[in-house]
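Fold and contact review
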Amino acid sequence: MKEKTLKLFCILLFFCSIINAQRETANWFFGINAGLDFNSGTPTLLGNSQVNTLEGCSTISDENGSLLFYTDGVTVWNRLHEIMSNGTDLIGSFSSTQSSIIVPSPGNPTIYYIFTTDVVDAYDPVTNTSNGFNYTIVDMTLDGGMGAVTDKNVNLMPNTSEKVSSALSTDGNFWVVTHYENSFYAFKVTGAGVDTVPVISQTSFTVSSYRNTRGNMKISPNGEKLAIAHAFFFPEQKGYLYLYDFNKETGVVQNSDFLGESLTYYGVEFSSNSSKLYASGKLLSTDNSISNIQLQQFDVDAVSVSNTRYVVYNYEQSQVAPSLGGSLQIGFNKRIYHSLPGSTLSSINSPNLSGPDCNFQFNSVNLGTNFARFGLPSYVQSYFESIATIENQCFGDTTTFTVDDTTDIVSINWNFDDPASGANNTSTQISPSHVFTNTGVYIVTAEVAFTNEPNRTFNEVVVIDEVPEVLNVQYTIQQCDVDSNPNDGITIFNLEVATNFIRANTTSPDVQVSFYENLNDAELNQHIINGPFYTNSVNEQIIYARVFDNPACFTIRTVRLKATVGGYLDQYTSIDVCELDTNGIAISQIVAELSEDFLGASIAIYLSDNDALLAQNQLSDTVQINTSIEQLFFRVSYGAEDCSAIGNVSINVIAQPQVDDQEVFLCGGDGAAVLLELEENFAGYTWSTNETTPMISVTETGTYYVVVTNGAGCETEVAFVVTEVSPIEIDNIEVSDFQDRNSIKINLVGASAQEVLYSINGGATFYESNEFTNLFPGVYDIVVKRENCDSTSGVVLVGGFPKFFTPNGDNINDTWSLIGKEFYPNAIIELYDRYGKNLDYIKADREWDGTYRGSPLPAGDYWYKLTLENGRTITGNVTLKR
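In this report, we go over the structure that sits alongside the text.

**What to know about the sheet that holds strand 58 (residues 804–805)**
Spatial ordering of the open sheet is given by 58-64-63-59-60, a layout of 5 strands whose pairing is mixed. Each end of this open sheet is capped by a strand with a single partner; those strands are strand 58 and strand 60 (838–843). Note: strand 59 (residues 828–832) against strand 63 (residues 860–867), 5 bridges, orientation antiparallel. Counterpart to Y832 in the pairing with strand 63 is W863.

**Regarding helix 1 (residues 496–504)**
Turning to helix 1, its buried residues number three or more, namely V497, A498, T499 and I502. Those residues of helix 1 that are buried lie in contact with strand 36 (475–480), strand 37 (492–494), strand 38 (512–516), strand 40 (541–548) and strand 41 (554–564).

**Points about the environment of Y544**
Structurally, Y544 can be placed in strand 40. The spatial distance from the C-alpha of Y544 to the C-alpha of S514 is 8.3 Å, given a sequence separation of 30 residues. Apart from the residues within four sequence positions on either side, Y544 is in contact with S514, F515, Y516, E517, N518, L519, A522, I556, R557 and T558.

**Structural notes on the nonpolar core**
One finds F30, F69, F115 and L345 to be the most contacted residues of the largest nonpolar core, which totals 63 residues. The leading source of residues in this core is strand 8 (residues 108–116), at 5 residues. Dropping the residues within four chain positions of it, F69 is found in contact with T59, I60, V76, W77, N78, M84, I102, Y112, I114, V138 and M140.

**Observations regarding the state of the cysteines**
Under the counting rule described, the total for this entry stands at 3 disulfides. A sulfur-sulfur distance of 2.0 Å marks the disulfide that ties C394 to C553. The S-S bond linking C394 to C553 shows a torsion near -110°; that makes this disulfide left-handed. Of the two residues, C394 is situated in the loop between strand 29 (388–391) and strand 30 (399–403) and C553 in the loop between strand 40 and strand 41; the sequence distance between them amounts to 159 residues. The exposure class of C553 is buried, given its relative accessible area of 0%. Covalently, C480 is tied to C643 through a disulfide, its sulfur atoms 1.9 Å apart.

**As for unusual backbone geometry**
Here the residue pair F234 and P235 is connected by a cis peptide bond, since its omega of 0° sits within 30 degrees of zero. When you line up the elements, P235 lands in the loop between strand 18 (225–232) and strand 19 (238–246). In this structure, N86 takes a positive phi of about 65° despite not being glycine. The topology assignment puts N86 in the loop between strand 6 (76–78) and strand 7 (100–105). The exposure class of N86 is partly exposed, given its relative accessible area of 39%. Located in the positive-phi region is N359, a residue other than glycine, with phi close to 65°. With respect to the secondary-structure elements, N359 resides in the loop between strand 27 (344–348) and strand 28 (360–366). For N359, a relative accessible area of 4% translates into the label buried.

**Quick look at a negative patch on the surface**
Taken together, the side chains of D660, D661, E677, E679, E680, E715 and E717 define an acidic patch exposed on the protein surface. Within the element layout of this structure, E680 appears in the loop between strand 47 (674–676) and strand 48 (684–687).

**Examining the pairing of strand 43 (residues 602–606)**
Counting buried residues in strand 43 gives 4 out of 5 residues, a clear majority hidden from the surface. One ladder, built from 5 bridges, connects strand 43 with strand 44 (residues 631–637); its direction is antiparallel. Of the residues in strand 44, the one forming a bridge with S602 is S637.

**Remarks on the side chain of S166**
Within the element layout of this structure, S166 appears in strand 12 (residues 164–168). In contact with S166, other than residues within four places in its own chain, are I101, V103, F174, W175, V176, I219, Y379, V380, Q381 and S382.

**Some thoughts on a nonpolar patch on the surface**
A cluster of nonpolar side chains, namely V779, V795 and F823, defines an oily patch on the protein surface of about 280 Å² accessible area. Mapped onto the secondary structure, F823 falls in the loop between strand 58 and strand 59. Relative accessible area serves as the criterion here: at 46%, F823 is assigned to the partly exposed category.

What counts and how
- Each chain carries its own residue numbering, running from 1 in the written order of its sequence.
- In view of the model being predicted, local features appear only for residues whose pLDDT reaches at least 70, and side-chain atom pairs are presented and counted only at 80 or more, with totals across whole chains, interfaces and linings using the full set of residues.
- The side-chain numbers reported here are obtained from all heavy atoms of the structure, hydrogens and water having been left aside.
- Paired strands are those between which DSSP finds at least two bridges.
- Put simply, DSSP marks the helices as runs of H or I at least four residues long and the strands as runs of E at least two long, and each gets a number from the N terminus on.
- Only protein chains enter the calculation, and the probe is 1.4 Å; a residue is then buried if its accessible area is under 20% of its type maximum, exposed if over 50%, and partly exposed in between.
- We call two residues contacting when some pair of their heavy atoms lies within 4.5 Å.
- As used in this record, nonpolar core signifies buried Ala, Val, Leu, Ile, Met, Phe, Trp, Tyr and Cys residues forming a set joined through side-chain atoms within 4.5 Å.
- Criterion for a disulfide: a pair of cysteine sulfur atoms within 2.5 Å.
- Each patch is built from residues that are more than 30% exposed by relative accessible area and take part in no salt bridge. Like charges join if they lie within 9 Å; nonpolar side chains (Val, Leu, Ile, Met, Phe, Trp, Tyr) join within 5 Å.
- Shrake-Rupley sampling with a 1.4 Å probe provides the accessible areas, and residues are treated as covered by the protein chains on show and by no other component.
- Salt bridges are counted wherever a side-chain nitrogen of Lys or Arg sits within 4 Å of a carboxyl oxygen of Asp or Glu.
- Here the positive residues are Lys and Arg and the negative ones are Asp and Glu; neither His nor the chain ends is included.
- In this description, the location of a charge corresponds to atom NZ of lysine, CZ of arginine, CG of aspartate or CD of glutamate.

This is the structure in C-alpha cells:
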C-alpha cells in the first residue's frame with residue numbers, strides 16, 4: 001500500500017558549454033587506496049588507487065566518465081594509476097582539509113589547473129615552511145594522452161588556509177575561492193589562464209591563529225551561496241559555521257549569516273538544488289572536551305537559516321572516535337556522502353528534502369579492503385547544480401520531469417534509459433513524464449538545444465523503488481508492566497521488536513522503519529518517535545510504522561502496545577549455578593531450572609529489571625559477568641517477543657572443578673600401557689572413551705578427555721596428552737676422581753620431557769640432579785629412571801688413595817694402598833721422598849708399609865705417581881705418621 005508520495009528534487013544541469021555530460025565527477029579516489037565509480041548511478045568499488053591521504057584530494061574525469069587523473073595535492077597520478085610525467089612535488093599537503101581542486105580551462109578542453117592549499121603546521125613560527133596558495137597546469141595532450149605537468153607551483157598568495165572551492169561564473173568561466181584570516185580571495189580562471197589579481201572580500205570574522213584554519217568551504221551548486229566551517233583548536237576547541245552570499249558575476253562574498261557554534265565544525269555541503277546546507281562536526285561538552293560526531297541540516301531559503309537546524313544523525317562514540325568531523329561531498333548521483341576513518345561511507349540519499357525525509361543511511365557504502373579517512377575529493381561545485389524537479393519515483397508511478405526555467409530552451413530530446421518501454425523511452429516534450437518498466441537505477445539523458453548556446457547533453461540519475469510489501473496485519477507488542485504502578489498498563493516498549501517483525505515479513509528485509517503516534521504524522525514523516533524505547537500513554541495504544549527504502553515510497557502498518565498487568569514476580573526463587581571457564585556463569589542452567597516452572601515459555605536472563613523489560617543485553621553462557629553477582633532477572637515469553645512475566649532470582653555461584661590439563665608419557669615399547677588418572681577425587685567422570693571410572697588404561701598416543709563433576713553438578717573438562725617417548729639411555733658418566741672432592745655426572749642420550757631421577761646407590765635413594773659431589777672412592781651402582789616409566793643402570797669406579805697411614809703395629813692404617821686395588825691389576829705406583837729420590841716401584845694391588853729396603857722411613861710427606869693400564873697418570877702425596 002502506497003500511502004503518500006513525497007517530492008524528490010533531482011538534477012538537470014543547464015549551464016555554460018564547458019559542462020557537457022556531467023560525468024566529470026564520476027570517479028573518486030580518496031583515503032587509503034579507496035576508489036568509487038559512480039557511472040552506473042550506484043557507487044561501485046575501484047581498484048588500483050595510489051592515493052594515501054589523511055584529508056584532501058581531487059579527481060577529474062572526462063565528459064563521458066572516463067578517468068583522467070587524480071591528486072592528493074602533492075603527487076599526480078594518470079588514468080593508469082602511474083605517476084604523471086613531472087607529477088611530483090606539488091606543494092599542497094595530504095593533511096590539508098581541501099588540499100587540492102582540479103578546474104578545467106574554459107577555452108581548452110585538454111588543459112586543467114590544480115589549485116593547492118597549505119597545511120596548518122606549515123605556519124608554525126619555528127619551522128615556517130608555508131607555501132601559500134598555488135596552481136599547477138596539466139596538459140592532457142602530452143605523454144601520449146596520459147597528460148603531463150607543465151607549469152608547477154605558480155604562487156598566487158604567500159599565505160592561505162586549508163580551504164578552497166570553485167564554481168562557474170555567469171560568463172562561462174570559473175571562480176576559485178580561498179580564505180585567509182578575515183578575507184575571501186576569488187581568482188578567475190578564463191581561457192587565457194588564471195587571473196593572478198583576486199577579488200578580495202573582507203568579513204567581520206577573523207581567524208587570527210594559523211592553528212585554526214582547518215575546515216571545509218563550499219560554494220553552492222547554483223553559485224549563489226558560500227558556506228565555511230571554522231574548526232578551532234587553539235586556545236581551546238571550538239567551531240563556527242557561517243553562510244554568505246556569493247556573487248557569481250563579480251566573485252564578491254558578502255552578507256554573513258552566523259549559523260552556530262555547537263560543534264567543532266569541519267565538513268560542509270549543499271544539496272543539488274542549493275536549498276539545503278549540511279554540516280558535520282564534533283559535539284562540544286561543557287568542559288570543552290570532544291565527544292561524538294553530529295550531522296546537521298539547514299534550510300538555506302529560510303528567513304532565519306540558523307533556526308532551521310535539524311540534527312540528521314548523531315554518531316555514537318562506539319561508532320566513531322576520530323578527532324575531526326569528517327568531510328561531506330555530493331556525488332554524481334546527487335547523494336551526499338560523509339567520510340570518517342573506516343571501511344565505509346555514510347550517505348544522505350535525498351539531500352534536497354527537509355528533516356527526516358533527507359533519508360540518512362549509516363555505513364551505506366562499503367569500501368572493501370580499502371579505507372576512508374577525513375577527506376573526500378573536491379570538485380567544481382557547479383557540476384552538481386539542479387534546476388529541474390523529478391517527482392514520483394515509486395515503481396508504477398508516472399515519473400514527471402519538470403524544467404523550472406524554460407528560458408532560452410528551444411527543445412529537449414529525452415532518453416529515459418528504459419528500452420523495455422519501447423517508443424515511450426524517448427520524448428521531445430520540454431517537461432515530459434515517463435512510467436518506468438522496472439525498479440532500478442536509470443541514467444536519463446537530455447539533449448538540450450538553446451537559443452544562445454550550443455546544443456548539449458545532460459545526464460540525470462533516477463532511482464525507481466518499490467513500495468515495500470509488508471504483511472498486512474496489526475502487530476502487537478506485549479510488554480510487562482513492572483514499574484511503581486504495575487496495574488496502570490503504562491510501561492516502556494522496545495520498538496525494535498516491531499521493527500524486527502516488520503523486516504521479517506516484507507519483501508525487502510533491509511527496509512527502514514520509523515514510528516509515529518498518529519497516522520497524519522506517519523504520512524507526513526513528522527514528529528518521529530525518537531529511539532527504540534517508548535512509553536505508551538494508554539494500554540493497548542496504537543502507533544504507526546512507516547516502512548520504506550526510499551522515503552517517497554512507503555507503507556504504513558499499525559502496532560498495538562499491550563501491557564501485561566500484574567506480571568511482576570519479584571523475588572521468585574534461589575538457584576545454585578556453576579561458574580564457567582570464561583569468567584561467566586552457566587546461564588543455561590538457570591534457564592533450564594526456570595523452564596520447569598514455565599512450560600512452553602521462552603526464558604531469557606538479564607542483569608537488570610530494565611534490561612529484562614526492554615529485552616536488551618540478554619545473557620548467555622558466553623557472556624562474561626562478575627561471578628560475585630547475587631541476583632539476576634528473567635523474562636518469560638509465550639510469544640516470540642511477548643512479555644508475560646518478569647522476576648528475579650537469587651543465585652549462588654558454585655566454583656567449577658579446578659584441574660590443569662595433564663601430560664602423560666607412554667614408554668616401554670610395543671604393548672606398553674599407561675594409566676590416566678587425577679590426584680583429586682570427583683563425584684563423576686566421563687571419558688572420551690565413554691568410560692566412567694576414575695582412571696583408564698591406554699596403549700596409544702593421542703589426546704584423551706575426561707569431564708569431571710563435583711558434588712554440586714559443576715563440571716570441567718581435562719585433557720590428557722599422551723606422548724610416546726624413546727627408552728631412557730645413558731650416554732656417558734663423567735667421573736672426577738683421585739681428587740680432594742670426587743664427583744660423578746650422569747649424561748643421557750637426548751633430552752627428556754618427563755621428570756628424570758638419578759641414584760648412585762643402586763636405587764635406594766633418588767635425586768633430581770644428575771651431578772653428585774664429595775664422593776668417597778669406591779664403586780657406585782648407577783640407576784636412572786622416569787617416574788612410572790622406564791629405567792637404566794650402570795656401574796662406575798671412583799678411584800682414590802688414603803691421605804695418610806700409621807705403620808705402628810696396631811693393625812689400624814698400618815699400610816697404604818690404592819682403594820679398590822682389585823680393579824687396577826696392572827697399575828704401577830712409583831714412590832718418592834721429598835727430595836725426589838725413588839723409593840720403590842710396586843704394583844697397584846700391593847700395600848706399602850712405610851719402609852725402604854726393610855728399614856722404617858721417618859714420618860713425613862711422600863710422593864707418588866700412579867700409572868693406570870690405559871696410560872692415565874695421577875700424582876699426589878701421602879702423609880706417613882709415626
